[in-house]
Structure formats: C-alpha cells, structure tokens
Amino acid sequence: MFVLKQLRQHLKHFDYPLFATVISLAVIGIVMVYSASFIYAGMNPDINDSSHYFDRQLMWLIIGIGVFVIASLFSYRNLGRLVKPMIIVTLILLLLVLIPGIGVERNFATRWLNFGPILFQPSELAKVTMIIYFAKVYTNKQNKLNHFGQGVLPPLIVLGLVFVFILMQPDLGTAASIIMACGMILLFAGIRLIHLFGLGIIALGSMIGLIFSSEYRTDRFTSFLDPFADPSGEGYQLIHSLIAIANGGLTGEGLANSVQKAGFLPEAHTDFIMSVIAEELGMVGVLLVIGLYIFLMFRGILVAKRAPDQFGRLLAFGITFQIITQAMINLAAVSGLMPITGITLPLISYGGSSLLITFGLLGILMNIAIKGHINRRVE
C-alpha cells in the first residue's frame, strides 16, 4: 500500500509537458533512424537486414524509457552521496578505452568498450558524472566561491583530466560539450564574473590551440570553412549534408524519400540524421525538432528555478544545458556553421549509449521537478 501511495503521489506531481517533449523527440528519432538507415542496412553484406538499426534503436528506446522512470523515482539528493565512486569509475573506464586491445576503434576513433554484444561509450557516462560532481561540489563551496584557489579551482582539475582522456580518443566535440555544461553550472553557482571570463578565455584559447596542433583537426576545421576546396575528401560529408538540406526545401521530399542517405551521406543515421530530416520533412520538420529542443530548454530552466535546494538547481541547469549544448553543436555542424565534431543529436540519432545516458539525465531532471512541485505544495 505504501508503494502504491508513493507511486500515485509521484504521478500526481509528474511534469507531463517535460515528459511529452522527451517522448516526442524520441518518437521522431526512432522513425528517422529507420528512414535514414534501411537502405544502408539492407545493402550492407555484413548486415543484410533493412530493419537492423531500427530494431536495435527500438530496444534501446524501450530500455531508455525504463531508465527514465527509475531515475525519476530515485531521489536526486542520493546522487550527491555517490559522486566520488562515480568519478573513480568514470576515470577508470575512460582510461581503459585508451589501452590498446581493450578500447574498440571505429572510423579512426577509439571511444568504446566492448561488453559482449554491447558497445559502451564511457564519455557518455562522463557527461552524467561531471554534471553531478560540479553541482555537488559547488553547492558545498557556496561560501568559498569568491576565492578562486579554494572555491573554484579544485573541481576544474578533475574536469581537465576528464577532458584530456576524452580528447585522446579523440572526441573533441563531446569534451567541448562537457566543458560548456560545467561552465553553465559555474555561472549559475555564482562565481565571480572575472573568474568565469578568465576561464572562458583559457578554454577558448585551448580549443584553438588543439585544433591547430593536429593535422586531422586542422583539416576538419578548414573543410568547414570551405568544404568545396576538397569535395571528395574532408569536405565530402558536409557538402552532401548541405545538398540534403537544400533538396528538402520547405516541406521536404517526403518521409523515406531522401536521396543523400542512399550511399552519398556517410553516418546518415547517426551524426547527420538532421540532414535526412531536412531532406525528407523540409524546414517544417527541422523547425519542429528545434522547437521541441527550445521547449525542453525552457522547461529545464523552469525546473531549475523551482528546485527545492541549490544542489537540485545546479543539477537541473547542468542537465538542461548538457543536452541543449550537444544539440546545438550537432545542428551547427550539419549546417556548416562549425566544424564537424562527430557528436550525435540527443534522443534522435542512432546510438545506445547516448540514448540511455540522455534518458537517465532527463529522469533525474524529472525527479527534481517532482521534488520541487511537492515542496511548493507543502509550503
């Protein structure tokens, strides 16, 4: 009876607009994963099954919804108590990825660990861990935030270590999204603006230095500036993404009618799924997806403002801007506004690790929303 009472109370205070937005994005994702991948999967002799990626994504979607529900039931305050072992586990997994013979390499990047039939990407776990860690530490250091050495600096050392490990995979896009989300937590925690500005300058300078320290990253950057300078090389993917977007026009060519996904646009069901959406559903479909992300952002900010304590507030801000930052990086890359990073579109792109982690983060956000609603009712 107690469990049923708790469940009824949980559902009573559920943030249904937030849940509806999450499910809408996930449904668009599962439909577009099938549309973007069925030709490639059917023609690939190693797969020879047009529904291969759809079936796997549907499995991860069902599991992800379960993760969302469990995370929404689990009090976010307990996460603060688990943050130290989570940091240790995350660092160990990120280190294991870099060990030859253990990390799994795909498309010239080593970002995965193989657990039987499952490929897991530890950098996805790092998104969760660093958000919880920053929210907890800067909640505890509220009275020291004006002192850079004692209040601001210590967590940045851990962030720097995580950044270096992810960068070595290499995965600059994910590393950058984690830094940006942690930067938002610093902003809302209330550190001095001069400290935040200085850290921003250092981060930007480091990014620029990293881009030009590697021929691979330099080529990616220059191809974004002028993809037609190397149309069959570094510029190939962006050119076909732009062609897909141009072909879609206002209303698109119709669902499943994309031409670019038929062997022209690499990674059409992962990094460049928005290009397929643009070609098949046009600007109407693109604006629908962007509108859902904007609503998700404002809903997340509202949850943060209504959070019952500072830890919940910072955690909600971190989760919201982690997801929105990742979406912005992906959308900017596929439209040629910034270099291609290989970062996926949250809840929409194909990928089990990304989907489960995103659902987990949103489940935590839902728990904060529920606690905030209950707290307002009590008051």
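Nothing here was measured: the structure is a model prediction, and the numbers come from that model.

Asks: Before we go on, may I ask you to explain the sheet that holds strand β1 (residues 103-106) in this structure?
Replies: Two strands in a sheet stick together by hydrogen bonds in their backbones, pointing the same way (parallel) or opposite ways (antiparallel). Taken in spatial order, the three strands make up an open sheet running β1-β2-β3, and their pairing is antiparallel. A single partner strand is all that each edge strand has here, and the edge strands are β1 and β3 (118-120). Strand after strand, the sheet turns through a mean of 50° between neighbouring axes, direction not considered. Bridge count between β1 and strand β2 (residues 109-115): four bridges; the pairing is antiparallel. Residue pairing across strands places Glu105 opposite Thr110, the latter belonging to β2. Strands β1, β2 and β3 of the sheet are contacted by helix α4 (residues 77-97), whose axis makes an angle of about 110° with β2.

Asks: What exactly am I supposed to notice about the packing of helix α5 (residues 122-140) against helix α12 (residues 310-334) here?
Replies: Geometrically, a packed helix pair is captured by the angle between its two axes and the distance between the axes. Here α5 crosses α12 at 145°, and the two axes come no closer than 9 Å. Every pair of crossing elements has a handedness; the one defined by α5 and α12 is right-handed. Every residue of α12 that contacts α5 at Lys127, Ile131, Ile132, Ala135, Lys136, Tyr138 and Thr139 is listed here: Gln310, Phe311, Leu314, Leu315, Gly318, Ile319, Gln322 and Gln326. When its residues are assigned to classes, the contact of α5 with α12 shows eight nonpolar, five polar and two charged.

Analysis parameters
Residues numbered from 1 in each chain as written. Predicted model: local features only at pLDDT ≥ 70, side-chain atom pairs only at ≥ 80, totals over all residues. Heavy atoms only, no water. Pairing = 2+ DSSP bridges. Helix = DSSP H or I, 4+ residues; strand = E, 2+ residues; numbered from the N terminus. Axes fitted to C-alpha atoms, helices over the stretch in contact; angles between N-to-C directions. Contact = heavy atoms within 4.5 Å. Left-handed = near helix turned anticlockwise from the far one by under 90°. Nonpolar A, V, L, I, M, F, W, Y, C, P; charged D, E, K, R; others polar.

What is shown is where atoms sit, not what they do.
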